[in-house]
Amino acid sequence: TDKPIKYRRILLKLSGEALMGSMDYGIDPEVIGRLAREIRDVQQAGVEVGVVIGGGNIFRGAGLAEAGMDRVTGDHMGMLATVMNALAMQDALEKLGVEVRTTSAIKINEVCEDFIRRRAIRHFEKGRVVLFAAGTGNPFFTTDSAAALRAVEIGADLLLKATKVDGVYDADPKKKKDARRYEKLSYDEVIARNLQVMDTAAIALCRDYGMPLRIYDMTRPGDLMRILKGQAIGTLVHA
Ligand code: UDP
């Protein structure tokens, strides 16, 4: 546990669903509080932390479109949902005394600042956690793609995808008892085998710019710190 941290700057992707905890909608204050403490701990250990938060706990464009709504309008609602989640995380972090800024890919200046890359990097240099809200700002994308994009843009050393499963399996571990977890995968293996890691656009971006990606179980307290100290937890996707 006294090992040094191996990473200088990371991009953490939290799905909206992760924030629901055991609820079926919205944000579980206990879950967001615990995630905020984990972020604080790694930040205090000297890691610069950027976070992309999804919105699936509130709205998803695809779901709204299925119910009959215009897809682009649905995606706009989904992106605004991520802003709400980011504000909740901003609040949880501030309660812990962490300096944090929410930046949005859609202009909502009364609520939070715009995403401007140089400004975001300045926040990191000043020791602030930066939350990246509103995905990429474009419909038909996902917050996974936004996470890959921001990771590359800010020059992160590692992209972490926090999920409820402890990595990527060759079958659904809930359905198949002998499902096996991959320790490592190449980007091309993920795409060729159609493994549900992140959407293909996100994986392709990581591949093209050599962004290592680790999928891990966010429900296990302390794993984030262990990963940053070099432990091979979850699944690593790399070149
Ligand atoms: N979204 C979008 N463009 C983006 C990112 C997100 O239109 O760049 C919309 C899309 O409708 C998506 C919703 O926002 O369904 C919420 O994001 P996502 O589904 O990725 O959230 P998560 O699954 O991580 O909770």
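Reading guide: rules and limits
- Residues numbered from 1 in each chain as written.
- Predicted model: local features only at pLDDT ≥ 70, side-chain atom pairs only at ≥ 80, totals over all residues.
- UniProt positions renumbered as here; feature names shortened; annotations may be inferred.
- Near = placed C-beta within 6 Å.
- Helix = DSSP H or I, 4+ residues; strand = E, 2+ residues; numbered from the N terminus.
- Nonpolar A, V, L, I, M, F, W, Y, C, P; charged D, E, K, R; others polar.
- Axes fitted to C-alpha atoms, helices over the stretch in contact; angles between N-to-C directions.
- Parallel < 35°, antiparallel > 145°, perpendicular 65-115°, else oblique.
- Left-handed = near helix turned anticlockwise from the far one by under 90°.
- Contact = placed C-beta atoms within 7 Å.

The name recorded for the protein chain in an unreviewed UniProt entry is Uridylate kinase, from Coralloluteibacterium stylophorae. In the Subunit (unreviewed entry) part of its UniProt record, the protein chain is described as follows: "Homohexamer." Heading Pathway (unreviewed entry) of the UniProt record for the protein chain holds this comment: "Pyrimidine metabolism; CTP biosynthesis via de novo pathway; UDP from UMP (UMPK route): step 1/1."

A.B. asks: Tell me about the site of the ligand, and please be specific about residues and values.
C.D. replies: Residues in contact with the ligand amount to 25 residues; listed here are only the nearest, Gly54, Gly56, Gly61, Gly78 and Gly135. Elements with a minimum of two residues in the shell around the ligand: α2 (61-66), α3 (71-95) and α5 (143-153). Split by residue class, the shell around the ligand holds 6 nonpolar, 15 polar and 4 charged.

A.B. asks: Help me get a handle on the packing of α5 against helix α7 (residues 200-208), residues and values and all.
C.D. replies: Each packed pair of helices is defined by two parameters, the angle between the axes and the distance between the axes. Relative orientation of the contacting elements α5 and α7 amounts to 15°, with a least axis distance of 7 Å. Viewed along their axes, α5 and α7 adopt a mutual orientation that is roughly parallel. Where α5 crosses over α7, the two elements pack in a sense that is left-handed. Listed contacts from α7 to Asp144, Ser145, Ala147, Ala148, Leu149 and Val152 of α5 are Ala201, Ala202, Leu205 and Cys206. Considered class by class, the residues forming the contact of α5 with α7 number 8 nonpolar, 1 polar and 1 charged.

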